[in-house]
Amino acid sequence: MHNQPTESRNERPITGRVVRQHKKHYLVNSTGGKMVCTARGNVAKRSNIYVGDIVTCRRMNREPAEGIITRVHKRSNVLQRPVVANIGKLLLVFSYVDPDLDLELIDRCLFHAEFHHLPGLIIFNKQDLLNAAQRTSLHSICEMYHKINYQVMLTSATTGEGIQELAKACKNEVASMAGPSGSGKSSLLNALFPHISLPTAQTSRKIKRGTHTTSSAGLIQLPAGGYIADTPGFSVLDMPRLDATDAYSCFPELADLVGKCRFNNCRHIDEPSCEAKARLEQGTIAQSRYEHYITFYQELSNARDN
Ligand SMILES: Nc1nc2c(ncn2[C@@H]2O[C@H](COP(=O)(O)OP(=O)(O)O)[C@@H](O)[C@H]2O)c(=O)[nH]1
Ligand SMILES: [Mg+2]
Ligand SMILES: [Zn+2]
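Just so we're clear, the structure is a prediction, and the values are computed from it rather than from any experiment.

**Concerning the nonpolar core**
Right, so step 1: Leu92 and Ile123 are the most contacted members of the largest nonpolar core, which has 65 residues in total.
Right, so step 2: When sequence neighbours within four positions are dropped, the list of residues in contact with Ile123 reads Leu91, Leu92, Val93, Phe94, Met153, Thr155 and Leu166.

The following block contains the structure:
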């Protein structure tokens, strides 16, 4: 038996996740630590490599840790703006005041999340700004989303309320934030990761425009496992490519009704003996949700007519 060359042990393939990219360099995180990688020629040619990708690499050097990506694993999804692969959870950050709650925007985000088969967690941030009456009316909104099985959380980036619960909800997930400007996404990231410091509306006013480079998204690792994208994204400006007659499938309370209306292909709009209409009258389907379904249905059918 002669000694194994020392490299052979190092050549064992490593599986990790791309957590950051700069030009042709990829920072890959694995149980063995972080490693700066380039892509093997044929891999680079065959497919782009995105932040969030699971890759197989070969270690080329220990100090500094460097390697080569030899394979990109199949992705479950790629979200755009910013581009991140394999997102498993969307954190939809809203506030009840400052900016005022926009239920249509929540439902629009949920609609897109359902389209991508992504669980959406609704976060109502800025709890510290609410008086008792506002907390009560927000409570009934939370109930409405609970009933259709969405997870809801109340947070304050200012006081720290709900931050531990939020971190727990993201454990072992790859999550990305979305929501209106000013709802506190950057502030929540700073509260979750005190060691990083991302520009918030307050700080970015102080920094001269353009001095902090907006690089591509990176993933920040949670101490308990899992990642959150450091750049909020997930645009809901364009409607998903979906037939209007399938819009119901992105509303769980309507998707539930298959086979319960008189017509199997009921759109739940003006058909007779429609279970959605019955539940709307009973109050088991929320008025606002139904109205937004009609809005999105119409947007989708207009998009097809044009
Ligand atoms: N009172 C209060 N203000 C907050 C909270 N979270 C964020 N803010 C403030 O709201 C503004 C917008 O926050 P920012 O994180 O930049 O929002 P983003 O646009 O969603 O990233 C900033 O002035 C923050 O300091 C919160 O929980 N409570
Ligand atoms: Mg921000
Ligand atoms: Zn129906």
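**Description of the sheet that holds strand β11 (residues 174–178)**
Right, so step 1: Pairing in this open sheet of six strands is mixed, and the strands run β10-β9-β8-β11-β13-β12 from one edge to the other. Both edges of this open sheet fall to β10 (151–154) and β12 (219–221), since each of them pairs with a single strand only. Within the sheet, the average angular offset between the axes of one strand and its neighbour, ignoring direction, is 25 degrees.
Right, so step 2: The pairing of strand β8 (residues 89–95) with strand β9 (residues 120–125) spans six bridges and is classified as parallel. From the neighbouring strand, Leu91 faces β9, where its bridge partner is Leu121.

**Points about unusual backbone geometry**
Most of the time, phi is negative for any residue but glycine, and the peptide bond is trans.
Right, so step 1: At the junction of Glu63 and Pro64, the peptide bond is cis and its omega measures out at -5 degrees in the coordinates.
Right, so step 2: In this structure, Pro64 sits in the loop between β4 (54–61) and β5 (66–72).
Right, so step 3: The peptide bond linking Asp98 to Pro99 adopts the cis configuration, its omega dihedral lying at 0 degrees.
Right, so step 4: Within the element layout of this structure, Pro99 appears in the loop between β8 and α3 (103–115).
Right, so step 5: Positive phi, close to 60 degrees, is recorded for Asn86, a residue that is not glycine.
Right, so step 6: In this structure Asn86 comes out as buried when scored by C-beta crowding, with 21 C-beta atoms within 10 Å.
Right, so step 7: Look at Lys126: it is not a glycine, yet its phi comes out positive at around 65 degrees.
Right, so step 8: Within the element layout of this structure, Lys126 appears in the loop between β9 and α4 (132–147).
Right, so step 9: Exposure remark for Lys126: the 24 C-beta atoms within 10 Å place this residue in the buried category.

**Section: the environment of Ala276**
Right, so step 1: Within the secondary structure, Ala276 is located in helix α9 (residues 275–282).
Right, so step 2: In this structure, the C-alpha to C-alpha distance between Ala276 and Glu253, residues 23 residues apart in sequence, is 8.5 Å.

**Here's the deal with the sheet that holds β4**
Right, so step 1: Taken together, five strands build a closed barrel; the order of strands is β1-β2-β3-β5-β4 and the barrel is mixed. In this sheet, neighbouring strand axes are inclined to one another by 55 degrees on average, regardless of whether the strands run parallel or antiparallel.
Right, so step 2: Bridge count between strand β2 (residues 25–30) and strand β3 (residues 33–39): five bridges; the pairing is antiparallel. When the sheet's bridge partners are listed, Asn29 is paired in β3 with Lys34.

About the cut-offs
- Residues numbered from 1 in each chain as written.
- Chains lettered and ligands numbered in written order.
- Predicted model: local features only at pLDDT ≥ 70, side-chain atom pairs only at ≥ 80, totals over all residues.
- Core = buried A, V, L, I, M, F, W, Y, C linked by C-beta atoms within 7 Å.
- Buried ≥ 20, exposed ≤ 12 C-beta atoms within 10 Å, placed from the backbone.
- Contact = placed C-beta atoms within 7 Å.
- Pairing = 2+ DSSP bridges.
- Helix = DSSP H or I, 4+ residues; strand = E, 2+ residues; numbered from the N terminus.
- Axes fitted to C-alpha atoms, helices over the stretch in contact; angles between N-to-C directions.

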